[in-house]
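# Secondary and tertiary structure notes
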Amino acid sequence: MIYWDPTYILVLIGMVLCLGASALVNSTMSKYSRIRNSTGINGAEAARRILNSEGLYNVQIECLSGESGDHYDPRTNTVRLSRSVYNQPSVTAVGVAAHECGHAIQHAKGYSPLNFRTALVPVANIGSKLGFPLIFLGVILSWNQVLIQIGIWAFALAVLFQLVTLPVEFNASTRAVAKIEQYGLLSREENNGCKKVLTAAAMTYVAAAASAILQLLRLVILFGGNRRNDD
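Residues numbered from 1 in each chain as written. Predicted model: local features only at pLDDT ≥ 70, side-chain atom pairs only at ≥ 80, totals over all residues. Heavy atoms only, no water.

This next bit is on the sheet that holds strand S2 (residues 71-73). Spatially, 3 strands are ordered S1-S3-S2 in an open sheet, and the strand pairing comes out mixed. If you trace the sheet from one side to the other, it starts and ends with strand S1 (60-63) and S2, each paired once. Strand-to-strand twist of the sheet, defined as the mean angle between neighbouring strand axes without regard to direction, takes the value 25 degrees. Taken together, the 3 bridges between S2 and strand S3 (residues 78-81) define a ladder with antiparallel strand orientation. (Pairing = 2+ DSSP bridges. Helix = DSSP H or I, 4+ residues; strand = E, 2+ residues; numbered from the N terminus. Axes fitted to C-alpha atoms, helices over the stretch in contact; angles between N-to-C directions.)

Here you go:
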């Protein structure tokens, strides 16, 4: 059984990063969700304008029942927006909707990192679910290094997915800002606020990736060597 050890500091650092990024994005999105944009369009309308202007008439827009979970589904060509983003004419709503449209544009243009991330989803899911159980099983089976190493590599696949996600998300935000400016969906001042919203949101992915890397580093430190059985 493993008790406290110095490597827990890596886990704590990851937790602090994730909590800080979450607090930042919640604060920023909340601030700009209270600011009505000058064009008076909600997220759904902004998304439709961007998609139509890009010739993506086949991409559907759906409203989710909750207040989170905004995403683009490449399997069904659907932009799904949370209820507030879908309905509210705020700076945040336009920014988030444009970001998800950025993913739709990536998909339409065959953006390589997005394709790679999509291909990684099955193995990343397996890695995140089996990594720790395999390591634990290896430990209780007299430090079976084969199982432990397989578990570490499985978890590494989940970390790789987090890393590949970064350029995909940053690129989607870059596309979002460009399209908002190109189609005049927000004023210049509002667009500055939109950039803050998207930057804060991007930091959550950076924090998640950093946390995953730190966790992987901890696993390598604890289990990566040829540990002997306890006497």
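Right, let's talk about the side chain of histidine 99 for a bit. Looking at where histidine 99 falls in the secondary structure, it is placed in helix H4 (residues 91-108). For histidine 99, a relative accessible area of 9% corresponds to the buried category. Looking at histidine 99, its side chain comes within polar contact range of the side chain of histidine 103, at 3.2 Å. Discounting chain neighbours no more than four positions away, the residues touching histidine 99 are Glu169, Ala172, Ser173, Ala176 and Leu198. (Buried < 20%, exposed > 50% of the residue type's maximum accessible area, 1.4 Å probe, protein only. Polar contact = N/O pair within 3.5 Å; in protein donor to acceptor, adjacent residues only side chain to side chain. Contact = heavy atoms within 4.5 Å.)

Before going further, it helps to spend a moment on the packing of helix H1 (residues 8-33) against helix H7 (residues 188-223). Packing of H1 against H7 leaves a shortest axis separation of 8 Å and a crossing angle of 170 degrees. Relative to H7, the element H1 lies roughly antiparallel. As H1 runs across H7, the sense of the crossing is left-handed. Taken together, the residues of the contact of H1 with H7 break down into 21 nonpolar, 7 polar and 2 charged. (Parallel < 35°, antiparallel > 145°, perpendicular 65-115°, else oblique. Left-handed = near helix turned anticlockwise from the far one by under 90°. Nonpolar A, V, L, I, M, F, W, Y, C, P; charged D, E, K, R; others polar.)

A few words on H1. With 26 residues, H1 should reach 38 Å at 1.5 Å per residue; the first-to-last C-alpha distance of 37 Å fits that figure. Taken together, the buried positions of H1 are occupied by Leu10, Gly14, Ala21, Val25, Thr28 and Tyr32. For H1, the secondary structure elements touched by its buried residues are H4 and H7. (Expected span 1.5 Å × (residues − 1).)

Within helix H2 (residues 43-53), burial applies to Gly43, Ala44, Ala46, Ala47, Ile50 and Leu51. Here the buried residues of H2 occupy an arc of 160 degrees about the axis, which is enough to place them on one side. Close packing links the buried residues of H2 with S1, S3, helix H3 (83-87), H4 and helix H6 (145-182). Taking the backbone nitrogen of alanine 44 as reference, a side-chain oxygen 3.2 Å away marks asparagine 42 as the first, capping residue of H2. At the exit of H2 stands glycine 55, carrying a positive phi of roughly 80 degrees. (Arc of directions from axis to C-beta.)

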